[in-house]
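Listed here are the chains, written in short residue letters.
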Amino acid sequence: MKKLLLCAALFLGLCANMTPAQDTPAPGNIVYNTNMFPAGESAPAFKRAADENWGTQWFFELVYGFWALDNAMPGYNNTNHVAILYAILNQRLIRDDINGGTWLRMDIAGSWGLDPASASESSFYVNGIGMCSGLHTDILGPHDLALLEVSVKHFLAGKRVAITAGMIKLNNYMDRVGHARFTNDNFESSGVLPLPYNNLAIVVQGEIDRRNWVTGAITRMGTPWGSNPFNAKHANGYAIVGEYGHIFAEGNATARISPFFCSQDTPGRDGNDHQHNAVGIFGSIEYTVNHMAKVYARAGIASGDYQRCSQEFSAGTTLHLTPSRPNDYLGLGFGIFKGADTATSSLVNEYEKVLECMYRVQLNQHFYLAPYFQLINDPAYRDTDYASATGIQAGFVF
């Protein structure tokens, strides 16, 4: 036991010595960079300042994906081919170099099955394992194209404050943990936090100082992709979410904590909708060990089952194994997600457990390959032992 503790102490000490000291962000950079740049391991082709005269920034990604399911539910194809589109546009409306100006933000996403089985609503493969956490976060459906965000944001106070309003994709602003680009929904964003897409919302962000910031948002819930967010009949509730963030360890670590309240109409056993309120708290921490490794962990709990899960814990790492290829990386993630009985269903198993492994190879500035593997225990809380999904993506980024 003493030898084990000694080895652990030596390893942590080595990691601490290898950890590069990072400067804390300059005033205004926390809020401004959260809004203008994608989180995580973004491709080097991302245009940070594509055209300074016009004030246009963009990100465009087109992906071919192949997935093979093991132990899929009856009626679902075991092999699948899909195309995925994701695009971001930041267009400056009013220039203000000191305070940041006013911007239009648009997010567009789409996915299409490339063979008859993959293009069928009744056998679409993402539903073939029936996971609570979602097999692939970037896929909307077998032939779907949607505006996920159309909003206007205004910076002020030297870029230290931002106000964003419109139809918002809320995880653009909260829970932005920098990690490998996993495909599982709950690795990409929290399954407990109410962070919907395509819903009317307002977000206020502010820096307290160079190490601390706060974010608050109020959003409608329940508006599905393709529905008019201004039509109240599509919404089934609202949520209030906050976030406090702190940068520490010489700029190498970031912690976030998010309290929230959500009120939604959910179906009852009598066939009618009933309003249910839920409160909860969610937190995350990420740490850059050295220039080759980054680790993170997330945990959250909610008092009601209104999202994908009512409790969650996940952890992962991003490893850059080849110093001469800094844009290649290995991603490993593990998560446990807990369900809760609802008024209309009873769960066989309370927990779903997911392991994901991926490796991204950046072939050049615009092309990459990324094989993936997911192993799922008790998917969607069903007592079905194990299911798995193996795939590869070939992406073009501009």
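Residues numbered from 1 in each chain as written. Predicted model: local features only at pLDDT ≥ 70, side-chain atom pairs only at ≥ 80, totals over all residues. Heavy atoms only, no water.

### A short note on the overall build of the protein
Under the convention used in this document: For the purposes of this entry, the term helix denotes a DSSP run of H or I that reaches at least four residues, the term strand denotes a run of E that reaches at least two, and both are numbered from the N terminus. Contact between two residues is taken to exist if any of their heavy atoms lie within 4.5 Å; hydrogens are not considered.
Helix and strand counts for the protein stand at 3 helices and 17 strands. Considering only contacts within the protein whose residues lie at least 6 apart along the sequence, 63% involve residues at least 24 apart.

### Quick look at the side chain of Asp107
Test applied: Exposure classes here rest on a 1.4 Å probe applied to the protein chains alone. A residue is buried below 20% of its type maximum, exposed above 50%, and partly exposed in between.
Examined against the element boundaries, Asp107 turns out to sit in strand β4 (residues 102-113). According to the relative accessible area criterion, Asp107 is buried, its value standing at 0%.

### Considerations on the pairing of strand β16 (residues 367-377)
This is how the line gets drawn: Pairing between two strands requires that DSSP report at least two bridges joining them.
Here 8 bridges tie strand β15 (residues 351-362) to β16, and the two strands are oriented antiparallel to one another. Its bridge partner lying in β16, Cys357 is registered against Phe373. What sits between the antiparallel neighbours β15 and β16 is a turn of 4 residues.

### Details of a nonpolar patch on the surface
Going by this rule: Without a salt bridge and with relative accessible area above 30%, a residue can belong to a patch; like charges are then joined within 9 Å and nonpolar side chains (Val, Leu, Ile, Met, Phe, Trp, Tyr) within 5 Å. All accessible-area figures derive from a Shrake-Rupley calculation using a 1.4 Å probe, and residue coverage is judged against the displayed protein chains alone. Salt bridges are counted wherever a side-chain nitrogen of Lys or Arg sits within 4 Å of a carboxyl oxygen of Asp or Glu.
Residues Leu156, Ile163, Ile202, Val204, Ile218, Tyr238 and Ile240 make up a contiguous nonpolar surface patch of about 540 Å² in total accessible area. Among the secondary structure elements, those contributing two or more residues to the nonpolar patch are β7 (199-209) and β9 (237-248). Mapped onto the secondary structure, Ile218 falls in strand β8 (residues 212-221).

### Structural notes on the nonpolar core
The condition that has to hold: We define the nonpolar core as a collection of buried residues of types Ala, Val, Leu, Ile, Met, Phe, Trp, Tyr and Cys that are connected through side-chain atoms lying within 4.5 Å of one another.
In this structure, Ile129 and Val241 are the most contacted members of the largest nonpolar core, which totals 53 residues. Grouped together as the second largest cluster of nonpolar side chains are 6 residues, Val31, Tyr32, Met36 and Phe155 included.

### With respect to the packing of aromatic side chains
The line we're drawing: In this analysis, rings of Phe, Tyr and Trp, with Trp reduced to its six-membered ring, are considered paired at centre separations within 6.5 Å, and the interplanar angle assigns stacked below 30 degrees, edge-to-face beyond 60, and tilted for intermediate values. Only Lys NZ and Arg CZ are tested; either one counts as a charge over a ring when it is within 6 Å of the ring centre and within 35 degrees of the ring normal.
If you walk through the whole model with that rule in mind, you get 8 aromatic pairs. Here Phe187 and Phe337 contribute two aromatic rings whose centre-to-centre distance is 6.3 Å and whose plane-to-plane angle is 50°, an arrangement assigned as tilted. Residue Phe187 is found in helix α3 (residues 185-188), and its partner Phe337 is found in strand β14 (residues 329-338); the two are separated by 150 residues along the sequence. Using a relative accessible area of 0% as the deciding quantity, one classes Phe187 as buried. Following the ring pairs from residue to residue traces out a cluster consisting of Phe182, Phe187 and Phe337. Taking NZ or CZ as reference, Lys338 lies 6.0 Å from the ring centre of Tyr351, over its face. The positively charged end of Arg360 is found above the aromatic ring belonging to Tyr368, 3.7 Å away from the centroid.

### With respect to empty space enclosed by the protein
Where we set the bar: We place a 1 Å grid over just the protein atoms. Points where a 1.4 Å probe fits but has no way out form a cavity, open points with protein on both sides within 12 Å along at least 5 of 7 lines form a pocket, and any residue with an atom within 4 Å of a point lines it. Grid points are joined across faces, edges and corners, and a volume is the space filled by probe spheres set on the points. Polar here means any residue outside two lists: the nonpolar Ala, Val, Leu, Ile, Met, Phe, Trp, Tyr, Cys and Pro, and the charged Asp, Glu, Lys and Arg; Gly therefore counts as polar.
Inspection of every chain in the model, using the stated rule, returns 2 cavities of 30 Å³ or more. Taken as a whole, the second largest cavity spans an internal volume of roughly 50 Å³. Every residue along the wall of the second largest cavity is listed here: Glu61, Val63, Ile84, Leu85, Tyr86, Asp138, Arg181, Tyr368 and Gln393. When residues of the lining of the second largest cavity are traced back to their parent elements, those giving at least two are β2 (56-70) and β3 (79-94). Tallying contributions element by element places β3 first for the lining of the second largest cavity, with 3 residues. Looking at the lining of the second largest cavity residue by residue, the class counts come to 5 nonpolar, 1 polar and 3 charged.

### Overview of the confidence of the model for the protein
To keep things clear, this is the line we draw: On a range of 0 to 100, pLDDT expresses the predictor's confidence in each residue.
Summarising the model, the protein shows a mean pLDDT of 82, and 81% of its residues fall at 70 or more. Here residues 39-45 scores under 50 on pLDDT; set against residues more than four positions off or in separate chains, the count is 18 contacts.

### Topic: the side chain of Arg105
Mapping Arg105 onto the fold places it in strand β4. By relative accessible area, Arg105 is classed as buried at 5%. Once you skip the residues sitting within four places of it in the chain, Arg105 turns out to touch Asn35, Ile88, Leu89, Asn90, Glu149, Val150, Ser151, Lys153, Asn172 and Tyr173.

### Considerations on the pairing of β3
Where β2 meets β3, 13 bridges bridge the pair, whose relative direction is antiparallel. Looking at β3, one finds that Leu62 is bridged to Leu85. By the bridge criterion, 12 bridges tie β3 to β4 in an arrangement that is antiparallel. Considered in β4, the bridge of Ile94 is made with Thr102.

### Some points on the pattern of salt bridges
One pass over the structure, following the stated rule, counts 6 salt bridges. Residue Arg256 is joined to Glu286 by a salt bridge in which the shortest nitrogen-to-oxygen separation is 2.8 Å. One end of the pair, Arg256, is in strand β10 (residues 253-267); the other, Glu286, is in strand β11 (residues 273-290), and 30 residues separate them in sequence. Judged by relative accessible area, which is 13%, Arg256 ranks as buried. A salt bridge links Asp328 to Arg325, with the nearest nitrogen and oxygen atoms 2.3 Å apart. Note on Asp328: relative accessible area 4%, which makes it buried. For Arg325, a relative accessible area of 33% puts it in the partly exposed group.

### Some words on the environment of Phe398
Residue position: Phe398 is located in the segment after β17 (386-397). Accessibility expressed as a relative area gives 38% for Phe398, which makes it partly exposed. In this structure the C-alpha to C-alpha distance between Phe398 and Glu61, which are 337 residues apart in sequence, comes to 6.5 Å.

### Quick look at the environment of Val204
One can find Val204 in strand β7. Linking Val204 and His154, residues 50 residues apart in sequence, is a C-alpha distance of 9.9 Å. Leave out the neighbours within four places in its chain, and Val204 touches Ala162, Val214, Thr215 and Gly216.

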